[in-house]
Amino acid sequence: MPSKRLSVVVTRRLPDVVETRLKELFNVTLREDDRPMTRGELVDAVASADVLVPTITDQIDAGLIGQAGERLKLIANYGAGFDHIDVATARSRGILVSNTPGVVTEDTADMVMALMLGVTRRIQEGLSVMQQGNWAGYAPTAFLGHRIGGKRLGILGMGRIGQAVARRAGAFGMQIHYHNRRRLRPETEEALEATWWESLDQMVARMDIISVNCPSTPSTYHLLNARRLKLLKPSAVIVNTSRGEVIDENALTRMLKAGELAGAGLDVFEHGTEGNPDLRDMPNVVMTPHMGSATVEGRIEMGEKVIINIKTFADGHRPPDQVLPSML
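The model shown is predicted, which means the values in this text are computed figures rather than measured ones. (Residues numbered from 1 in each chain as written. Predicted model: local features only at pLDDT ≥ 70, side-chain atom pairs only at ≥ 80, totals over all residues. Heavy atoms only, no water.)

Q: Which residues make up the overall build of the chain, and what values do they have?
A: Within the chain one finds twelve helices and twelve strands. Since a compact globule built from 328 residues should have a radius of gyration of about 20 Å, the 22 Å found for the chain is in line with a globular shape. Viewed in the frame of its principal axes, the chain has a C-alpha envelope of about 75 × 50 × 35 Å. Per-residue burial over the chain gives 48% buried out of 328 residues. (Helix = DSSP H or I, 4+ residues; strand = E, 2+ residues; numbered from the N terminus. Rg over C-alpha atoms; globule rule 2.2 N^0.38 Å. Buried < 20%, exposed > 50% of the residue type's maximum accessible area, 1.4 Å probe, protein only.)

Q: I'd like to hear about the sheet that holds strand β9 (residues 209-212), residue by residue, with values.
A: Pairing within the open sheet is parallel, and its seven strands lie in the order β8-β7-β6-β9-β10-β11-β12. Here the strands that pair on one side only, and so sit at the sheet edges, are β8 (194-196) and β12 (285-287). For this sheet, the mean angle separating the axes of adjacent strands, direction not counted, is 20 degrees. In terms of strand pairing, strand β7 (residues 175-179) meets β8 through three bridges, oriented parallel. Each bridged residue has a counterpart across the sheet, and for His177 the counterpart in β8 is Thr195. (Pairing = 2+ DSSP bridges. Axes fitted to C-alpha atoms, helices over the stretch in contact; angles between N-to-C directions.)

Q: Report on helix α11 (residues 249-257), specifying residues and quantitative values.
A: Along α11, the positions that sit buried rather than exposed are Glu249, Ala251, Leu252, Thr253, Met255 and Leu256. Where α11 is buried, its residues contact α10 (226-229), β10 (237-240), β11 (263-266) and β12. Once α11 ends, the next one or two residues include Gly259, with phi positive near 75 degrees. (Contact = heavy atoms within 4.5 Å.)

Q: Tell me about a nonpolar patch on the surface, and name the residues and values.
A: Nonpolar side chains collect at one region of the surface, where Met130, Trp135, Tyr138 and Phe143 lie side by side and expose about 530 Å² of accessible area between them. We classify Phe143 as partly exposed; its relative accessible area is 35%. (Patch = residues over 30% accessible without salt bridge, like charges linked within 9 Å, V, L, I, M, F, W, Y side chains within 5 Å. Areas by Shrake-Rupley, 256 points an atom, 1.4 Å probe, with all protein chains shown as cover. Salt bridge = Lys/Arg side-chain N within 4 Å of Asp/Glu carboxyl O.)

Q: Which residues make up the environment of Asp34, and what values do they have?
A: With respect to the secondary-structure elements, Asp34 resides in the loop between β2 (27-29) and α2 (39-48). Residue classification places Asp34 among the partly exposed positions, given a relative accessible area of 42%. For the pair formed by Asp34 and Arg12, sequence separation is 22 residues and the distance between their alpha carbons is 5.6 Å. Here Asp34 is in contact with Arg12 and Arg13, once residues within four sequence places are set aside. Within the structure, the side chain of Asp34 is placed 3.0 Å from the backbone nitrogen of Arg13, a separation counted as a polar contact. (Polar contact = N/O pair within 3.5 Å; in protein donor to acceptor, adjacent residues only side chain to side chain.)

Q: Outline the pattern of salt bridges, listing residues and values.
A: A complete count under the given rule lists 22 salt bridges for this structure. Between Arg228 and Asp201 there is a salt bridge; the shortest N-O distance is 2.6 Å. Residue Arg228 is found in helix α10, and its partner Asp201 is found in helix α9 (residues 200-204); the two are separated by 27 residues along the sequence.

Q: Please provide a residue-by-residue account of the layout of surface pockets, values included.
A: The space that makes up the second largest pocket amounts to roughly 270 Å³. A per-class count over the lining of the second largest pocket returns five nonpolar, five polar and five charged. (1 Å grid on protein atoms, 1.4 Å probe; cavity = no way out; pocket = protein on both sides within 12 Å on 5 of 7 lines; lining within 4 Å. Points joined across faces, edges and corners; volume = space filled by probe spheres on them. Nonpolar A, V, L, I, M, F, W, Y, C, P; charged D, E, K, R; others polar.)

Q: I'd love a proper account of the UniProt feature "domain: D-isomer specific 2-hydroxyacid dehydrogenase NAD-binding" (unreviewed entry) in the chain, names of residues and values included.
A: Following the UniProt record, one finds the feature "domain: D-isomer specific 2-hydroxyacid dehydrogenase NAD-binding" (unreviewed entry) at residues 113-292. The distance separating the terminal C-alpha atoms of residues 113-292 is 11 Å; by composition the span is 30% helix and 16% strand. (UniProt positions renumbered as here; feature names shortened; annotations may be inferred.)

Q: Can you tell me about the side chain of Asn77, naming the residues and giving the values?
A: Inspection of the secondary structure puts Asn77 in the loop between β4 (74-76) and α4 (87-92). For Asn77, a relative accessible area of 1% gives the class buried. Discounting residues that sit within four places of it in the chain, Asn77 has contacts with Pro54, Thr55, His84, Ile85, Ser98, Asn99, Thr100 and Val306.

Q: So what's going on with the sheet that holds strand β3 (residues 51-53)? Which residues, and what values?
A: Spatially, five strands are ordered β2-β1-β3-β4-β5 in an open sheet, and the strand pairing comes out parallel. Of all the strands in the sheet, the pair left with one neighbour each is β2 and β5 (96-98). On average, adjacent strands in this sheet sit at an angle of 20 degrees to one another, irrespective of strand direction. In terms of strand pairing, β4 meets β5 through three bridges, oriented parallel. The residue of β5 that forms the bridge with Leu74 is Leu96.

Q: So what's going on with the packing of helix α1 (residues 16-25) against helix α12 (residues 296-314)? Which residues, and what values?
A: To describe two helices that pack against each other, one gives the angle between their axes and the distance between the axes. At a minimum axis separation of 9 Å, α1 and α12 run at an interaxial angle of 15 degrees. As summarised for this structure, α1 and α12 are arranged roughly parallel, according to the angle between their axes. Where α1 crosses over α12, the handedness of that crossing is right-handed. Along its contact with α1, which presents Val17, Val18, Arg21, Leu22 and Leu25, the element α12 presents Arg299, Ile300, Gly303, Ile307, Ile310 and Lys311. Taken together, the residues of the contact of α1 with α12 sort by class into seven nonpolar, one polar and three charged. (Parallel < 35°, antiparallel > 145°, perpendicular 65-115°, else oblique. Left-handed = near helix turned anticlockwise from the far one by under 90°.)

Q: So what's going on with the nonpolar core? Residues and values would help.
A: Of all hydrophobic cores here, the largest spans 28 residues; its most connected members are Ile210, Leu224, Leu229, Ile238, Leu252, Leu256 and Leu261. Breaking this core down by element, the ones donating at least two residues are α9, β9, α11 and β11. Top contributing element to this core by residue count: α11, with four residues. By size, the runner-up hydrophobic cluster in this structure holds 25 residues, among which are Ala164, Ala166, Tyr178 and Leu184. (Core = buried A, V, L, I, M, F, W, Y, C linked by side-chain atoms within 4.5 Å.)

This is how it looks when you write it as structure tokens:
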């Protein structure tokens, strides 16, 4: 006799092929529209489900977990980041947490290069002129940007994504530098032709471009604070595809307005979804709406990982992508 199918609640719309497969395997409740769940809807979900499938838009905090029913045993996050989930409280309640690591690596690294080129080659300014019909024709001194070949790139966080950025940047002829909690193995460092800096202060003071690729943790909150941002060269550019909280956004905005930095490419923001309003009016700032992992292929792969995590759990085994205390 077949075992009872797990009750699964999904908090946002997922690619059709993912939703279809979830329906085939589990008793799944899907969203009719793509608006985020309200707090009340999340409370109802954790009270009734065996498995919750949230995304970064859902705050799964201690208060919410405290209202979970006895049935909830797995939070199978759709996404690699899990800073929106109180993993410690979940563990104390006997609830496992899983994520979808590795899937967004290449897509996010592509976005880093896109933002880097967008800022240094003044793509946004050119787009604006064309869209407004204001182009007067070619001029030798118009829209002069900078090459990225030969520039020093400082990567803050040399995990999967940081290393993928290093490989791409190396192909563009950039000089690779990095700061990380732990130094890479010598063979990895050699393959990437990367220079390690134990001191973040010393690294940022010497770089032409900084790429933020570290996770959001208590130790990385405002890692690039006002004091550290002041160490950057006025000609430097910052790209952030990680988490907005890593940079003191107000301090960054003030420096960009004062001409103390050359530009910024931002896919994530510290407060809300829009970032500091002053950033939107700056021609040397390229802002995108958290698009770093937004590819059809990536979103489907993320869904496949969620399904594998739930199916493995349903079969009585530990999910392959379980979030462990050592990862916090």
